[in-house]
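The residues making up each chain are set out below.
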Amino acid sequence: MAQPPLSQRIQRLERELGVRLFERTSRQVTITKAGTLLLEEARELLARSEALMATARRIRDGESGLLRAALPPDISGEAVAAILAHFQERHAGVELELRELTTSQQLAQFASHDLDAGLIHHPCDVSGLELGPVLRREVGVLLPRDAPEAALEAVPLAALSPYGLILFHRAAAPALHDDVLTTCARNGYTPPAVRHGQGASFIRGLILSANAVAFSPRDAHPAHTAGRDPELVWRPLAGAPLSWRLSVAWPRGRGDTAVSTFAEAATRALRQTSAVSTELPPRPLHLRPAAEYWL
C-alpha cells in the first residue's frame, strides 16, 4: 500500500479508537504506548478473522458445519451405524444430524429447505432433486412357518391369494404403496384385506393371528431367513416381481462435498449390510398415472 493511503487509514483508525497509535515527526514514526498495548489484540483479531473466513469456506464447500440427512424407518440398525462410521471417517469436521423420516416426510422437508440429503424410496416425485445411484433390495414374503407356501423355495404372488397383506402406511410413500398393490394385482394376487403396520413386532403379531403375510427385504429379517424364528419364515418371490428401489437424494444445486460424502457413505453401507445391488440399467422413476387394483 502506498504511503498516503496508509497514513489516511491509520488516522481514521485512530479517530475511531480515540487514541493516538503513532507519534509522527518529519524524520520518523514511532509507536505509542497505547499502540503497543493494542498491537497484540489487533494481531489476535486478524488471526481470528482469518480463521473465520477459513471456516466459512469449509462450510460453503461442505467440509465443516452441519448436514441434515434422513433415512427411512425400514433401514436396519447395522446400516445406520455403518453410514455414520463411513461419513465420520471422511468428514470428521461435519456434524451429521441423522433423522428417521419416511419418503413423504423427506420430500416435504426438502420442499421447506429443512433437509440437505436423504434416502428415498422410488417411485416418488423427484422434481427439483438430484439422485445418487438407484439401489435395489430384493423383497420376499414373511409368512407363518406352518403355511403350505413356506415349503416352497420361491413363492408365486398368486399363491398368496388366501392371505391378507400387511403393508406400510400409504402416507409414508403413496406411489410405492400403490405400485406394490398394482404389481400384486398384475401377478394374480389381490389381497382380501390390507392392514397397515411398520414395527417388526406388530407385523409379526398380525402374521401369526390375522391370516396375513408381509413383504420384506431379506436383510431385514435374518432370523426368519436363517430359520431361528420358530413361527415365521422368509421366502423369496418367484420371478422377483417386487423390489424396494432407493437412492440418496438432495436438492438440485446443493451437491457439495458433505452431501457427496453422505451419498457415498449410504451407498457403501447398504451394499455391505443390506444386500443391495445397483440397478443397471435403471427402471424409469416416473409415477404411474393410477393404481390398477381394487380393495
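Residues numbered from 1 in each chain as written. Predicted model: local features only at pLDDT ≥ 70, side-chain atom pairs only at ≥ 80, totals over all residues. Heavy atoms only, no water.

This paragraph deals with the overall build of the chain. Secondary structure summary: the chain contains eight helices and 13 strands in total. Summed over its atoms, the accessible surface of the chain is roughly 16,000 Å², and 55% of this surface lies on carbon and sulfur atoms. (Helix = DSSP H or I, 4+ residues; strand = E, 2+ residues; numbered from the N terminus. Areas by Shrake-Rupley, 256 points an atom, 1.4 Å probe, with all protein chains shown as cover.)

This next bit is on the pattern of salt bridges. Counted by the stated rule, this structure contains nine salt bridges. E14 serves as the salt-bridge partner of R24, at 3.2 Å between the closest nitrogen and oxygen. In this pair, R24 sits in strand β1 (residues 22-24) while E14 sits in helix α1 (residues 3-17), placing the two residues 10 residues apart along the sequence. Taking relative accessible area as the criterion, R24 reaches 34% and is therefore assigned partly exposed. We classify E14 as buried; its relative accessible area is 10%. (Salt bridge = Lys/Arg side-chain N within 4 Å of Asp/Glu carboxyl O. Buried < 20%, exposed > 50% of the residue type's maximum accessible area, 1.4 Å probe, protein only.)

The next point concerns the side chain of S76. Here S76 is to be found in the loop between β3 (65-71) and α3 (77-90). The buried category is assigned to S76, whose relative accessible area is 15%. Not counting residues within four places of it along the chain, the set of residues in contact with S76 comprises T273 and S274. (Contact = heavy atoms within 4.5 Å.)

On to the packing of α3 against helix α8 (residues 257-273), then. The contact between α3 and α8 brings their axes to 8 Å, and the two run at 140 degrees. With respect to α8, the element α3 is oriented oblique. When you trace α3 past α8, the crossing you get is right-handed. Counting all contacts with α3, which are made through E78, A79, A82, I83, H86, F87, E89 and R90, the residues of α8 involved are A258, T261, F262, E264, A265, A266, R268, A269, L270, Q272 and T273. (Axes fitted to C-alpha atoms, helices over the stretch in contact; angles between N-to-C directions. Parallel < 35°, antiparallel > 145°, perpendicular 65-115°, else oblique. Left-handed = near helix turned anticlockwise from the far one by under 90°.)

Our next topic: a nonpolar patch on the surface. Judged by side-chain polarity, L13, L17, V19 and L38 come together as a nonpolar surface patch covering roughly 290 Å² of accessible area. Relative to the helices and strands, L17 is located in helix α1. On the basis of relative accessible area, L17 is assigned to the partly exposed category, the value being 46%. (Patch = residues over 30% accessible without salt bridge, like charges linked within 9 Å, V, L, I, M, F, W, Y side chains within 5 Å.)

Topologically, L246 is positioned in strand β12 (residues 243-251). Taking the C-alpha atoms as reference points, L246 and P123, 123 residues apart in sequence, are found 8.8 Å from one another. Apart from residues lying up to four places away in sequence, L246 is in contact with P72, I75, L119, I120, H121, H122, P133, V134, L135 and R137.

A separate point is the confidence of the model for the chain. In low-pLDDT segments, the atomic positions of the prediction should not be examined closely. In this model, the chain carries a mean pLDDT of 86, and residues with pLDDT of at least 70 account for 87%. Per-element averaging of pLDDT across the chain places helix α7 (residues 222-226) at the bottom with 54 and strand β8 (residues 164-167) at the top with 96. Across residues 289-295 the pLDDT falls below 50, and counting only partners more than four positions away or on other chains, this stretch makes 13 contacts in the model. (pLDDT = per-residue confidence, 0-100.)

What follows covers the nonpolar core. If you look at the biggest cluster of nonpolar residues, it comprises 50 residues, and the most contacted ones within it are L160, F215 and F262. Ranked by the residues each element gives to this core, the list is headed by α8, at eight residues. Excluding residues that lie within four positions of it along the chain, F262 makes contacts with L67, A69, A70, L71, I83, F87, L96, L98, A117, G118 and V248. Ranked by size, the runner-up nonpolar core spans nine residues in total, among them I203, I207, L232 and W234. (Core = buried A, V, L, I, M, F, W, Y, C linked by side-chain atoms within 4.5 Å.)

The element strand β7 (residues 135-144) is largely enclosed, with a buried count of eight among its 10 residues. As paired elements, β7 and β12 share four bridges and run antiparallel to each other. Within the sheet, the bridge partner assigned to R137 lies in β12 and is W244. In the sheet, β7 pairs with strand β13 (residues 276-278) via three bridges, with the strands oriented antiparallel. By the bridge assignment for β13, R137 is matched with V276. Of the strand pairs in this sheet, β7 and strand β10 (residues 212-217) are connected by four bridges, and their pairing is antiparallel. Residue L142 lies in a different strand from β10, and its bridge partner there is A214. Examined bridge by bridge, β7 and strand β11 (residues 232-236) share five bridges and lie antiparallel to one another. Its bridge partner lying in β11, L143 is registered against V233. (Pairing = 2+ DSSP bridges.)

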